[in-house]
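# A look at the structure
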Amino acid sequence: MTDPGELRASDAEREAVVEQLRIASVEGRLTLAELTDRTEAAYTARTHAELAMLTQDLPSGGVRPPAPAGQGGKKRRWFVAVMGDSKRRGTWRIDQELGAVAMMGDVVLDLREAEVRTDQVDIMAVALMGDVKIIVPDGVNVDIDGVAVMGDKKVKVAQAAPGVNVPVVRVQAYAVMGDVKVVGDSHVKPLQRGFAAWREHWRQLHGEDWREISRQVRAEARELRRQLRDGDGRHYGY
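Now for a quick tour of the structure. None of the values given here were measured: they were computed from a predicted structure.

## Examining the nonpolar core
- By size, the foremost hydrophobic cluster in this structure holds 29 residues, and its most contacted members are L111, V132, V136 and V171.
- Residues contacting L111, with those up to four places away along its chain left out, are L32, W92, I94, L98, V121, I123, I134, I135, V136 and V169.
- Judged by nonpolar contacts, the second largest core, of 13 residues, contains V17, A24, L35 and A45.

And the structure:
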């Protein structure tokens, strides 16, 4: 008899898990890096067991949360550096549009550990004889537009394949004798993710020994039940 967890996953089931992950992110349960990693894993999952592991620490059967009231009327949150530096790293909350201005200075926005409470991240980046660097996890989709005069606007991110439902970062860039750069994990110091153990478990799931491990666990459980039955029989003199 086939283990239910080893049943093949369908495209519709993968998309349902991706939507559950997106809702969890908007609710603040996943960082942008966690959402990106788990989304990629969902699209490559082969079985129900692999999909179940992606959401085992999340509420089941969630409902799509309503859009925050007055989202469009919220003020943009600005990070400004004038002949200096402005950096935002670590865990922080993004629930509105962002703005970065570097005037003969540097602005660094690291989004990897941010809790993104919106469907996409919108950033206006202005570099006047300075640099704006935006760090994102590889696997997000980056849409950059704008103007560069005697400067540069560029993206160095390993983006997801077209058509998949992954987080989106939109950047409106204006660079005058400066640079606006969006870079991914592979181009900066790697992030020490808090879910490293989860990723290791994921690699084990995809390893060739997954089914053997599953069989061993079930065999050990059966042996334990047998020993308990035999022990009870001896105790009562059967």
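## A word on unusual backbone geometry
- Here the phi dihedral of M83 falls at roughly 55 degrees; this positive angle occurs in a residue that is not glycine.
- Here M83 shows up in the loop between β1 (77–82) and β2 (85–88).
- Positive phi, normally seen in glycine, also occurs at M177, with a value near 55 degrees.
- Mapped onto the elements, M177 comes out in the loop between β11 (168–176) and β12 (179–183).
- With a relative accessible area of 42%, M177 lands in the partly exposed category.

## Details of helix α2 (residues 32–44)
- For α2, built from 13 residues, the straight-helix expectation of 18 Å at 1.5 Å per residue is met to within 8% by its first-to-last C-alpha distance of 19 Å.
- Of all 13 residues that make up α2, 10 are buried, and the element is covered over most of its length.

## Concerning the sheet that holds β11
- One open sheet holds the five strands; their spatial order is β1-β4-β7-β11-β9, and the pairing between them is parallel. The open sheet has two edge strands with one neighbour each: β1 and β9 (141–149). Across the sheet, the mean angle from the axis of one strand to that of its neighbour is 10 degrees, orientation sign disregarded.
- Where β1 and strand β4 (residues 98–103) come together, six bridges link them in parallel fashion. Across the sheet, V82 pairs through a bridge with M103, a residue of β4.

## Quick word on the side chain of D110
- Looking at the element boundaries, D110 is found in strand β5 (residues 106–110).
- Exposure remark for D110: the relative accessible area of 4% places this residue in the buried category.
- A polar contact is formed between the side chain of D110 and the side chain of R112, at a distance of 2.7 Å.
- Apart from residues lying up to four places away in sequence, D110 is in contact with R88, R89, W92 and I135.

## Concerning helix α1 (residues 11–26)
- Spanning 16 residues, α1 covers 23 Å between terminal C-alpha atoms, matching the ideal 22 Å at 1.5 Å per step.
- Of all the residues in α1, the buried ones are R14, V17, V18, Q20, L21, R22, I23, A24, S25 and V26.
- Elements in contact with the buried residues of α1: α2, α3 (48–54) and β6 (115–116).
- Following α1 by one or two positions, G28 has its phi on the positive side, about 85 degrees.

Calculation rules
- Residues numbered from 1 in each chain as written.
- Predicted model: local features only at pLDDT ≥ 70, side-chain atom pairs only at ≥ 80, totals over all residues.
- Heavy atoms only, no water.
- Core = buried A, V, L, I, M, F, W, Y, C linked by side-chain atoms within 4.5 Å.
- Buried < 20%, exposed > 50% of the residue type's maximum accessible area, 1.4 Å probe, protein only.
- Contact = heavy atoms within 4.5 Å.
- Helix = DSSP H or I, 4+ residues; strand = E, 2+ residues; numbered from the N terminus.
- Expected span 1.5 Å × (residues − 1).
- Pairing = 2+ DSSP bridges.
- Axes fitted to C-alpha atoms, helices over the stretch in contact; angles between N-to-C directions.
- Polar contact = N/O pair within 3.5 Å; in protein donor to acceptor, adjacent residues only side chain to side chain.

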